[in-house]
Amino acid sequence: MEIRRREDDDLGACVRVLAEVHRGDGYPVDWPERPREWLSPPALLGGWVAERDGAVAGHVGLCRSGPGDSAPGLWSRRTGVPVERVAVVSRLFVAPGARGHGIGALLMARAVREARELGLHPVLDVVASDTAAAALYERLGWSLLATVEQRWGPDRLVTVRCYAAQR
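Computed from a predicted structure; not experimentally measured. (Residues numbered from 1 in each chain as written. Predicted model: local features only at pLDDT ≥ 70, side-chain atom pairs only at ≥ 80, totals over all residues. Heavy atoms only, no water.)

K.L.:
Could you clarify how one ought to interpret the environment of T79 in this entry?
P.N.:
Structurally, T79 can be placed in helix 3 (residues 71–79). A distance of 2.8 Å separates a polar side-chain atom of T79 from the backbone oxygen of W75. (Helix = DSSP H or I, 4+ residues; strand = E, 2+ residues; numbered from the N terminus. Polar contact = N/O pair within 3.5 Å; in protein donor to acceptor, adjacent residues only side chain to side chain.)

K.L.:
Quick question: what am I supposed to make of the sheet that holds strand 7 (residues 157–164) here?
P.N.:
Picture the strands of a sheet paired through backbone hydrogen bonds; they go either parallel or antiparallel. Read from one edge of the open sheet, 7 strands run 1-2-3-4-5-7-6, paired in mixed fashion. Strands at the two margins of the open sheet, each flanked by one partner only, are strand 1 (2–5) and strand 6 (143–151). Averaged over all adjacent pairs, the angle separating strand axes in this sheet is 30°, with direction ignored. Relative to strand 7, strand 5 (residues 121–127) runs antiparallel, the two being bridged by 5 bridges. Within the sheet, the bridge partner assigned to V127 lies in strand 7 and is V160. Lying on the sheet, helix 1 (residues 11–25) is in contact with strand 2 (44–52), strand 3 (55–64) and strand 4 (86–94); it crosses strand 4 at an angle near 75°. In the packing of helix 5 (residues 131–139) onto the sheet, contacts are made with strand 4, strand 5 and strand 7, and the angle to strand 7 comes to roughly 15°. (Pairing = 2+ DSSP bridges. Axes fitted to C-alpha atoms, helices over the stretch in contact; angles between N-to-C directions. Contact = heavy atoms within 4.5 Å.)

Written out as structure tokens, the structure reads:
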């Protein structure tokens, strides 16, 4: 098992794994029109992949806070830390056939380490119905900040759970 920085050549494999996760788990909730771009948003600080037996088995990204993110503002209000000093862990997924080997925890640890090296505090949000992801974050010691409604379009509100890593 290896966790390494994602390279452009990995994007095809990442999209294939993401499609498998989407079919099985419904993540992401809305399949992106351009999945390669979805994995590489403009605010991306870095992306990592887990490789198992020579194949991409998982992915995580770390991003600057964006206008639609709830967790950074919650953390900022709670701690007084400016939103600019927060990083959002995102795009975390593990191939269904590779689960049960700690890959999600390893990817989370890598993103947290990178955030801390950049002097940023890691936060994230997860759709409230994704109980498996919430259980992972809580097992890893992340603190629930709040459960809030997030606007995902003009006529759509989605309930998300917002978390922050331990200090």
